[in-house]
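# Survey of secondary and tertiary structure
For reference, the chains in residue letters:
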Amino acid sequence: MRRSKKIAFPILVYFLVMLLLLTACSTEGSSDPAGEGKTTVTMWHGLTSIDLDNMNKVVKAFEEKNPTIKMNLVYTESSEGSDQKLLTAVAGGNPPDVALFDRFKVGTWAAQGSLTDLSSMAAESGIRKEMYYPFAWEESSYQGKLYAMPMDTDSRLLFYNKDHFKEVGLDPDKPPQTIAELEAAADKLTIKEGKRFKRIGFIPWYSQGWLYTWGWAFGGEFQDAATGKITANDPKVVEALQWMTDFGKKYNVEDIAGFTSAAGTEEMDPFISGQISMKINGNFTVKGIEKFKPDLNYGVAPIPTPTGTNFTTWSGGGSAIIPKGAKNVAAAWKFLEFLGKEEGQTLLNADSQISVIDAVNDKYGYKDDPIMKEFINILPNSHNRPVIPEGQLLWNELASATEKATRGNGTPKENLDRVTETVNKALEKYDK
Amino acid sequence: MAKLADSVQVSAIPSARKRALHRTNVIGWLFASPWAIGLLCFYAIPMLMSIYFSFTTYSILQPGEFVGMNNYRDLFQDPLFWKSIYNTIYFTVFFVPLSIFFGVALAMMLNMKVKGMAVFRTIFFLPTLVPQVALAVLWMWLLHPNFGLVNGMLAHIGIDGPSWLGGEAWSKPSLILMSLWGIGQAVVIYLAGLGDIPDEYYEAAQIDGANWFQKTRKVTLPLLTPVIFYNLVMGMIGAFQQFTLPYTLTKGQGTPANSMTFYVMYLYENGFRYFKMGYASAMAWILFIIVMALTGIIFITSKRWVHYQGK
């Protein structure tokens, strides 16, 4: 008896400790604490500062209109971290009801069967393709079905330093329009001493100068609309990469490398510090310039093209999705619908992002702002990256091909042939 | 000796005490069980699962189908797989010996009886406290080709510095340089090893008329070999798993021209960005086999060069 008591106590302690550990690890559950018949919709997001404030306003307005639904916002760190969390949650069968999501990944996740098809709910709620910029709808859909609610967007333009233009005798109100003009301006603006650049006029691949940017500017297409096959070796795309390669040769790639590999962001941005006179970048850096160098005398213009016409750009952006296996799909859709319509869009992107609805951007007065209006005006002609299950692979392969070609490691054509082959081969398994 | 003593003791214990001992064993295991269960659930089972997954097209989100050796066959035809192996071995081959050389040298310097030594020891240990991500950002600026401190200093003595992280030729050496900066952890272990060497050996050597160099070669280094052995094995395993620094430096892209795509980075890319978890599992097992084989080789050769005191 005495002995069993002696052993019983530690065992009791043991089970208590284990119980404590288990309860500490389990989640609070999705039942609603108020218990008033409300449905709680859990949303995972990575928003901070002004974007979070805006989202809270959206939630408040939404809850007022839908008293039976309560939104529960859960912060999960941004980008890759939250993707992994979401990935695990979906695989484990316990995902949130809504998650904010980079539209770029819609194709991949939809192909994996991990997103809820929103098409019929959208049709019922009057969410239509025509309400949005074409690329935003396109990028939210996979194989003709809607899988995400587009939330915000961006676009890319040529930034140029007007003071530098004046200094070297270029007209600050006439940014380059053709590729030839761009090259001439870059040449004038560059100041090189030995191997070191004191100032560099332009680097095609710096910042947002991806091959996507130039491929489209040169009039190329990355995907065959009819077959869905990837066409990274489209002659126009090859031409674009050839131009980038020649540009690199002229200024010596290794010497330029300093800018591209170690250039900082924010106040360390070489455009802000005057070390680079022109760059391709998105509207998302405008706020940084306002903050760190409000007196920077700069302008933005469409990305130059070979002909000086048919200006274009490309856009990405955020969206909201309902993961497969979400518990409150109907209520979650209610929120997505609110988010996607004008009222939600107006609250969501105020003083921060570009809306995916043109009329909302009108309302913000973006079209009266000399800088912002350029970013908005180009949107109807903007592209989205191909929505394919292997979007990330294509992205990486294009980046790698650009690097190899510009560094003289194979010709542009050879590199892009390889990209096309690799990605199309990877896509084959989805056709089965 | 110790083992023998234990068994003698156990057999001498009367049976009542034996039972008491058995009971405390049970209780001991119970208290250790959270760890044991954790090890089983979060290490052993996932490891075994990953063997299976390496033969499938598992994508995390979908179970995938059994494809036999396809993943392994594809890997051997994947140029980036070979490139990542090359990069990883390059890094290991240079970093590990250098880290041992500088680690031992530094430890010997920090073992001298000089005033204020604690300050120096702290200085060399401090960098290991800096998180890898912060370290990467810091070095990105130090090594900036045009405005960085390193090239600035080189310029003063008339050397035109390379573009460091910007070029294929210098990106990996730069990484090795950065990694050597965090050597402090190993130095602490070497210092402990040095402290373990009895003074009598040095006194005896002194009497025999040995100079500093002879003392180092005949006394210090042989008696430090168990510690060097430990750091060699751990350093090699660590070097093969190089991830955070190059990932942060290149924003996960392995630039320039994949010269910074390390094995585990490519594994991560396949698993979590391309959803090819089966492929990534196969990579993990190849890495496991490589590291096991190399560790085995080091263990076998260690009999020749590792000297334990008292043997």
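Not measured: the values here are computed from a predicted model. (Residues numbered from 1 in each chain as written. Chains lettered and ligands numbered in written order. Predicted model: local features only at pLDDT ≥ 70, side-chain atom pairs only at ≥ 80, totals over all residues. Heavy atoms only, no water.)

## So, the environment of Q132 of chain B
Residues and elements named next belong to chain B.
- Summarising the element assignment, Q132 is placed in helix 6 (residues 132–142).
- Of the residues examined, Q132 reaches a relative accessible area of 37% and is grouped as partly exposed.
- Each residue touching Q132, except ones within four places of it in the same chain, is listed here: T244 and L245. (Helix = DSSP H or I, 4+ residues; strand = E, 2+ residues; numbered from the N terminus. Buried < 20%, exposed > 50% of the residue type's maximum accessible area, 1.4 Å probe, protein only. Contact = heavy atoms within 4.5 Å.)

## A word on the sheet that holds strand 12 (residues 298–301) of chain A
Residues and elements named next belong to chain A.
- Pairing is antiparallel across the open sheet formed by three strands, whose spatial order is 11-8-12. Two strands bound the open sheet, and with one partner strand each, they are strand 11 (278–282) and strand 12. The sheet shows a mean angle of 35 degrees between the axes of neighbouring strands, direction not considered.
- Bridge count for strand 8 (residues 156–161) against strand 12 is four bridges, and the pairing is antiparallel. In the strand pairing of strand 12, F159 is matched with V300. (Pairing = 2+ DSSP bridges. Axes fitted to C-alpha atoms, helices over the stretch in contact; angles between N-to-C directions.)

## A word on the nonpolar core
- Judged by nonpolar contacts, the single largest core of 110 residues is most densely connected at M55, F202, W214, M278, F335 and L416 of chain A.
- Among the elements that line this core, the one with the most residues is helix 10 (residues 235–251) of chain A, at eight residues.
- Of all hydrophobic cores here, the second largest spans 90 residues; its members include Y147 of chain A together with F91, A239 and Y268 of chain B. (Core = buried A, V, L, I, M, F, W, Y, C linked by side-chain atoms within 4.5 Å.)

## A few points about the packing of helix 10 of chain A against helix 17 (residues 391–406) of chain A
Residues and elements named next belong to chain A.
- Two elements in contact, helix 10 and helix 17, have axes whose closest approach is 8 Å; the angle formed by their N-to-C orientations is 45 degrees. On the basis of their axis angle, the class for helix 10 and helix 17 is oblique. Read as a crossing pair, helix 10 and helix 17 show a hand that is right-handed. Of the residues in helix 17, those in contact with L241, M244 and T245 of helix 10 are A401, T402, A405 and T406. (Parallel < 35°, antiparallel > 145°, perpendicular 65-115°, else oblique. Left-handed = near helix turned anticlockwise from the far one by under 90°.)

## Thoughts on the sheet that holds strand 3 (residues 98–102) of chain A
Residues and elements named next belong to chain A.
- Taking strand neighbours across the sheet as the criterion, the five strands line up as 2-1-3-14-6 in an open arrangement whose pairing is mixed. The open sheet has two free edges, formed respectively by strand 2 (69–75) and strand 6 (149–150), since each of these has just one partner strand.
- Sheet topology note: the strand 6/strand 14 (residues 318–321) ladder contains two bridges and is antiparallel. Note that in strand 14 the partner of P150 across the bridge is S319.

## Here we look at the packing of aromatic side chains
All names here are of chain A.
- Under the criterion given, the structure shown has 50 aromatic pairs over all chains.
- With a centroid separation of 6.0 Å and 55 degrees between ring planes, the pair formed by Y212 and W314 is classed as tilted. You can see Y212 sitting in helix 9 (residues 211–217) and its partner W314 sitting in strand 13 (residues 313–314), a full 102 residues away along the chain. Judged on exposure class, the residue Y212 and its partner W314 are both buried.
- An aromatic cluster of three or more residues is present, and its members are F104, W210, Y212, W216, F222, W314 and W395.
- Here R156 stacks its cationic end above the ring of W314, 3.7 Å away from the centre of that ring. (Phe/Tyr/Trp six-rings, centres within 6.5 Å; stacked < 30°, edge-to-face > 60°. Lys NZ or Arg CZ within 6 Å of the ring centre and 35° of its normal.)

## What about the pairing of strand 10 (residues 196–199) of chain A?
- With three bridges connecting them, strand 9 (residues 191–193) of chain A and strand 10 of chain A associate as antiparallel partners. Following the sheet pairing, E193 of chain A is matched in strand 10 of chain A by R196 of chain A.

## Things to note about the pattern of salt bridges
- This model, assessed by the stated rule, comprises 20 salt bridges over all chains.
- Its salt-bridge partner being E139 of chain A, residue R103 of chain A comes within 3.0 Å of it at the nearest N-O pair. Within this pair, whereas R103 of chain A is found in the loop between strand 3 and helix 4 (106–111), its partner E139 of chain A is found in helix 6 (residues 134–140), the two being separated by 36 residues in sequence. For the pair shown, R103 of chain A and E139 of chain A are each scored as buried.
- Linking R273 of chain B and E269 of chain B is a salt bridge whose minimum nitrogen-to-oxygen distance equals 3.8 Å. Of this pair, R273 of chain B and E269 of chain B are both found in helix 13 (residues 263–273), four residues apart, which corresponds to roughly one turn of the helix. E269 of chain B carries the same exposure label as R273 of chain B, and that label is buried.
- Salt bridges sharing common partners tie together R103, E139 and R385 of chain A. (Salt bridge = Lys/Arg side-chain N within 4 Å of Asp/Glu carboxyl O.)

## Section: the UniProt feature "domain: ABC transmembrane type-1" (unreviewed entry) in chain B
- Within this numbering scheme, the UniProt entry marks residues 85–298 of chain B as carrying the feature "domain: ABC transmembrane type-1" (unreviewed entry).
- The straight-line gap between the two end C-alpha atoms of residues 85–298 of chain B is 20 Å; of that span, 73% is helix and 0% is strand. (UniProt positions renumbered as here; feature names shortened; annotations may be inferred.)

## A few points about unusual backbone geometry
All names here are of chain B.
- Of note in the backbone geometry, I60 takes a positive phi value of approximately 75 degrees without being a glycine.
- Considering the arrangement of structural elements, one finds I60 in the loop between helix 2 (15–53) and helix 3 (70–76).
- Positive phi, normally seen in glycine, also occurs at K251, with a value near 50 degrees.
- Take K251: it is sitting in the loop between helix 12 (244–249) and helix 13.

## Topic: the environment of F165 of chain A
Residue and element names in this part refer to chain A.
- Tracing the sequence through the fold places F165 in helix 7 (residues 162–167).
- Judged by its relative accessible area of 1%, F165 is buried.
- In sequence terms F165 and F222 are 57 residues apart; their C-alpha atoms lie 34 Å from each other.
- The residues touching F165, leaving out its near neighbours within four places in the chain, are Y160, L170, D171, P172, K174, P175, P176, L189 and M278.

## Section: the confidence of the model for chain B
All names here are of chain B.
- In this model, chain B carries an average pLDDT of 89, and 95% of its residues clear a pLDDT of 70 or more.
- Note on residues 1–8: pLDDT under 50 across the span, and zero contacts to partners over four residues away in sequence or across chains.
- Both confidence scores are given for the complex: pTM 0.87, ipTM 0.82. (pLDDT = per-residue confidence, 0-100.)

## Here we look at helix 2 of chain B
- The end-to-end C-alpha separation of helix 2 of chain B is 50 Å, well short of the 57 Å expected for 39 residues at 1.5 Å each.
- Every buried residue of helix 2 of chain B is accounted for by R23, I27, S33, G38, S50 and F53 of chain B. (Expected span 1.5 Å × (residues − 1).)

## Comments concerning helix 10 of chain A
Residues and elements named next belong to chain A.
- With 17 residues, helix 10 should reach 24 Å at 1.5 Å per residue; the first-to-last C-alpha distance of 25 Å fits that figure.
- Those residues of helix 10 that sit buried are V237, V238, A240, L241, W243, M244, T245, F247, G248 and Y251.
- Looking at where helix 10 begins, the residue whose side-chain oxygen comes 2.8 Å from the main-chain nitrogen of K236 is D234. (Polar contact = N/O pair within 3.5 Å; in protein donor to acceptor, adjacent residues only side chain to side chain.)

## A word on the interface of chain B and chain A
- With 38 residues of chain B at the contact, the number on the chain A side is 38 residues.
- For the pair chain B and chain A, the two sides together bury roughly 3,600 Å², of which 56% comes from carbon and sulfur.
- On the chain B side of the contact with chain A, R23, L61 and Y274 of chain B bury the most area, a combined 17% of that side's loss.
- Where chain B packs against chain A, one counts zero salt bridges.
- Along the contact surface separating chain B from chain A lie six residue pairs in polar contact (both at pLDDT 80 or more).
- Of all the elements in the fold, those that place two or more residues in the side of chain B that touches chain A are helix 2, helix 6 and helix 13 of chain B.
- No other element matches the eight residues that helix 2 of chain B contributes to the side of chain B that touches chain A.
- Taken together, the residues that form the side of chain B that touches chain A break down as 19 nonpolar, 13 polar and six charged. (Buried area = accessible area lost by both parts, 1.4 Å probe. Nonpolar A, V, L, I, M, F, W, Y, C, P; charged D, E, K, R; others polar.)

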